[in-house]
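Observations on the three-dimensional arrangement
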Amino acid sequence: MATKAGSGTDWRLLEELKVLRPDFFIALSSDDETNLTACAIARKLGYRKTIARIRQEFFLDSHS
């Protein structure tokens, strides 16, 4: 398994990494908004599975 550290909001990096055919994308910054944005970009670029570390529960509340 290979890992790559970098900015998850750098779409050029995410596009470049797709050639490695990753199983999933994980966003683990200390900022929830950055993690959600990174996962959204990864999904748009075709990553099948994305995981965002979320600390603030209101991001997970689908009824708000």
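Structure: see above.
Let us look at the structure shown here.

How each quantity is defined
The residue count restarts for each chain, going from 1 along the sequence in the order it is written. Two thresholds apply to this predicted model, a pLDDT of at least 70 for residue-level local features and 80 or more for giving and counting side-chain atom pairs, whereas whole-chain, interface and lining totals are computed over all residues. Side-chain measures were taken over the full set of non-hydrogen atoms in the model, leaving aside hydrogen atoms and water. Where helices and strands are cited, they refer to DSSP runs of H or I of at least four residues and of E of at least two residues respectively, numbered from the N terminus. Only protein chains enter the area calculation, which uses a 1.4 Å probe; residues under 20% of their type maximum are buried, those over 50% are exposed, and those in between are partly exposed. Residue contacts are counted whenever heavy atoms from the two residues lie within 4.5 Å of one another. Note on areas: Shrake-Rupley, 1.4 Å probe, and residue coverage restricted to the protein chains presented here. Paired rings are identified among Phe, Tyr and Trp, the last through its six-membered ring, by centres lying within 6.5 Å, and are further divided according to the angle between planes into stacked (under 30 degrees), edge-to-face (over 60) and tilted (the rest). Buried residues of nine kinds, namely Ala, Val, Leu, Ile, Met, Phe, Trp, Tyr and Cys, make up a nonpolar core once their side-chain atoms join them within 4.5 Å.

The next thing to look at is the overall build of the chain. Helix and strand counts for the chain come out as two helices and two strands. In terms of overall dimensions, the chain has C-alpha extents of about 40 × 20 × 20 Å along its principal axes. Going through the 64 residues of the chain one by one, you find that 20% of them count as buried. Partitioning the contacts of the chain with sequence separation of at least 6, the portion at a separation of at least 24 is 51%. Roughly 5,200 Å² of accessible area belongs to the chain as shown, and the carbon and sulfur atoms make up 53% of that amount.

A word on the packing of aromatic side chains. Summed over all chains, the structure comprises two aromatic pairs. When the centroid spacing of 5.7 Å and the interplanar angle of 65° are considered together, the rings of Phe25 and Tyr47 count as edge-to-face. Here the residue Phe25 occupies a position in strand S1 (residues 25-27), and Tyr47 occupies one in the loop between helix H2 (32-44) and strand S2 (50-52), the gap between them amounting to 22 residues.

The subject of this paragraph is the nonpolar core. Counting residues in hydrophobic clusters, the biggest one holds 10 residues: Leu13, Leu14, Leu17, Phe25, Ala27, Ala38, Cys39, Ala42, Leu45 and Tyr47. Of all the elements in the fold, those that place two or more residues in this core are helix H1 (11-17), S1 and H2. If we ignore the near neighbours within four places in the chain, the residues touching Ala27 are Asn35, Ala38, Cys39, Ile51, Ala52 and Arg53.

What follows is about the side chain of Asn35. The topology assignment puts Asn35 in helix H2. If near-sequence neighbours (up to four positions away) are discounted, Asn35 is found in contact with Ala27, Leu28, Ser29, Ala52 and Arg53.

Geometry only, nothing functional implied.
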